[in-house]
Amino acid sequence: MVTLAEVAQHAGVSASTVSYVLSGKRSISATTRQRVERSIRELGYHPNAGARALASSRSNIIALMVPLRTDMYVPVMMEIAIAVATTARTHGYDVLLLTGEEGPDAVRRVTGSGLADAMILMDVELDDERLPLLRATDQPSVLIGLPADTSGLTCVDLDFAATGALCVEHLAKLGHRDIAVIGEAPAVYERHTGFAERTLEGLRARARELGLRLLHRPCEGGYDATAVTLARIFDERPGTTGFVVQNEAAVEPLLALLRQQGRAVPEDVSVVAVCPDQVATQASVRLTSVAIPAQEMGRHAVEHLVAKLDGRGSDEVVLIAPELTVRASSGPAPGRP
């Protein structure tokens with residue numbers, strides 16, 4: 001392993017000069033800096049992370065808090081996490097992944113230990129217990145998600161309220177008057193998870209404005225749970241012709257159950273999903289859907305966090321506008337030309 005002293009000898013300067021070039025703590029002439037940087041490249045020198053952190057008071061690490069719960073669709077969470085990690089690397093940061101359901105304790109651990117320079121939090125609840133600690137610390141942070149009160153916070157998210165409204169508008173234009181929403185698992189709503197609550201808020205508000213009947217039923221996902229949920233929906237609202245699904249684990253079971261009941265998609269029933277494009281396009285009927293912009297969410301979160309670390313950022317809410325892609329699963333309501 002190449003040492004700092006060897007870099008200094010190769011560049012013909014003192015070890016302290018190499019250290020100053022690396023830390024930026026003192027002004028070094030352009031000629032000397034270039035000579036040192038050339039030696040670093042030629043020798044393949046990599047500063048010791050611990051020593052670099054001590055010298056600069058920076059760890060160059062971003063902590064990403066992403067609780068991996070059994071009632072969440074993990075592939076989406078991981079796609080966002082990968083986008084965070086790859087974008088952070090382009091800015092010279094590594095990512096420390098914290099996957100436990102530790103809540104405020106995880107925030108205290110990061111802020112109290114110097115493990116990371118900044119934090120990105122996912123799986124945000126409307127009244128998230130982590131937020132008072134974030135507001136009380138000087139350590140920069142960004143939420144991927146939207147709590148009820150965004151004051152003093154920087155948040156990045158898909159506009160889930162607009163997403164819900166967009167799904168209702170699409171079905172309404174096709175003549176559907178009775179719409180059922182197959183939602184996330186009950187525990188997601190019991191925690192008041194932001195994305196699920198805001199989607200439901202958008203669905204209900206737009207349905208009221210358009211004079212539509214809307215029924216929401218949470219679902220654990222999987223075939224058996226979806227069968228129970230679908231039976232309940234048709235028992236309570238036999239005239240339902242439009243479905244909005246915000247539960248990846250319920251998508252394929254729903255399509256299979258509708259086929260078994262002799263309900264053709266989209267001739268008898270239309271289905272619109274809020275899900276990743278991969279889920280929509282690989283379903284047995286290609287789904288009309290609003291995609292989850294995981295890459296964009298992760299990238300925006302890191303860019304806003306790096307701006308804060310560089311002293312350029314300010315608290316703001318960034319909502320990504322939803323885009324609905326029409327595919328094979330939605331069509332005119334039965335009886336409508």
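The coordinates are above.
Structural notes, computed from the coordinates. (Residues numbered from 1 in each chain as written. Predicted model: local features only at pLDDT ≥ 70, side-chain atom pairs only at ≥ 80, totals over all residues. Heavy atoms only, no water.)

1. Section: the packing of helix α1 (residues 4–11) against helix α3 (residues 30–43)
Rules: A fitted line through C-alpha atoms represents every axis, and for helices the fit uses only the stretch in contact; the resulting angles, taken between N-to-C directions, go from 0 to 180 degrees. Strands here are runs of E lasting at least two residues and helices are runs of H or I lasting at least four, both read from the DSSP assignment and numbered beginning at the N terminus. Working definition: roughly parallel below 35 degrees, roughly antiparallel above 145 degrees, roughly perpendicular at 65 to 115 degrees, and oblique for all remaining angles. Less than a right angle of anticlockwise turn of the near helix away from the far helix marks a crossing as left-handed, whereas a clockwise turn marks it as right-handed. Two residues qualify as a contact provided that any one of their heavy atoms is within 4.5 Å of a heavy atom in the partner residue. The nonpolar class holds Ala, Val, Leu, Ile, Met, Phe, Trp, Tyr, Cys and Pro. Asp, Glu, Lys and Arg form the charged class, and all remaining residues, Gly among them, are polar.
With their axes 9 Å apart at the nearest point, α1 and α3 run at an angle of 120° to one another. Of the possible angle classes, the one that applies to α1 and α3 is oblique. For the pair α1 and α3, the sense of crossing is right-handed. Where α1 approaches α3, its residues Glu6, Val7, His10 and Ala11 are matched on the opposing element by Arg35, Val36, Ser39, Ile40, Glu42 and Leu43. Among the residues making up the contact of α1 with α3, the classes are represented as five nonpolar, two polar and three charged.

2. Concerning the pairing of strand β9 (residues 270–274)
Here is the rule: Whether a residue is buried, partly exposed or exposed follows from its accessible area with a 1.4 Å probe, protein chains only, as a fraction of its type maximum: under 20%, in between, or over 50%, in that order. Whether two strands pair depends on DSSP finding at least two bridges between them. For crossovers, right-handed means that the path from the first strand over the helix to the second runs clockwise, given strands pointing away from the viewer.
Within β9, five of the five residues are buried, which leaves the element mostly enclosed by the surrounding structure. On β9, burial covers both faces: Ser270, Val272 and Val274 on one face and Val271 and Ala273 on the other are all buried. Bridging between strand β8 (residues 242–245) and β9 involves four bridges; their strand directions are parallel. Looking at β9, one finds that Val245 is bridged to Ala273. Handedness of the β8-helix α12 (residues 248–260)-β9 crossover: right-handed. Where β9 meets strand β10 (residues 288–290), three bridges bridge the pair, whose relative direction is parallel. Each residue of the ladder has a partner; that of Val274, found in β10, is Val290. With respect to chirality, the unit in which β9 leads through helix α13 (residues 277–282) into the neighbouring parallel β10 is right-handed.

3. Brief notes about the sheet that holds β8
A sheet is described by the order of its strands in space; here six strands give the open sequence β7-β6-β8-β9-β10-β12, paired in mixed fashion. The outermost strands of the open sheet, each flanked by one partner alone, are β7 (213–218) and β12 (324–325). Here strand β6 (residues 178–183) runs beside β7; their pairing, made up of six bridges, is parallel. Paired with Ile179 across the two strands is Leu214, which belongs to β7. Sitting on the sheet, helix α8 (residues 160–173) touches β6, β7, β8, β9, β10 and β12, and the angle it makes with β9 is about 165°.

4. Some remarks on the nonpolar core
Stated precisely, the cut-off is as follows: In this text, buried Ala, Val, Leu, Ile, Met, Phe, Trp, Tyr and Cys residues form a nonpolar core when linked through side-chain atoms within 4.5 Å.
Core analysis: the largest hydrophobic core is formed by 49 residues, its most contacted members being Ile80, Ile120, Ile144 and Leu203. In terms of residue count, the dominant contributor to this core is helix α14 (residues 294–309) (seven residues). Contacts of Ile80, omitting those with residues within four sequence positions, involve Met122, Ile144, Ala294, Met297 and Gly298. Counting 25 residues, the second-largest nonpolar core is a separate cluster that includes Ala250, Leu258, Val271 and Ala273.

5. Side note on the state of the cysteines
To be explicit about the condition: Any two cysteine sulfur atoms within 2.5 Å of one another count as a disulfide.
For the structure on display, the rule yields zero disulfides. Note on Cys167: no disulfide assigned, nearest cysteine sulfur contributed by Cys275 at a separation of 9.7 Å.

6. Some thoughts on the sheet that holds strand β3 (residues 118–121)
In any sheet, the strands associate via hydrogen bonds between backbone groups, in a parallel or an antiparallel arrangement. If you walk across this open sheet you meet the six strands as β2-β1-β3-β4-β5-β11, and the pairing is parallel. Across the chains shown, the open sheet's two edge strands, defined by having one partner strand only, are β2 (94–98) and β11 (317–320). Mean inter-strand twist for the sheet, computed between neighbouring axes without regard to direction, equals 20°. Across two bridges, the pairing between strand β4 (residues 141–144) and strand β5 (residues 155–158) is parallel. Of the residues in β5, the one forming a bridge with Ile144 is Val156. Across the face of the sheet, helix α5 (residues 74–90) comes into contact with β1 (61–65), β2, β3 and β4 while running at roughly 155° to β2.

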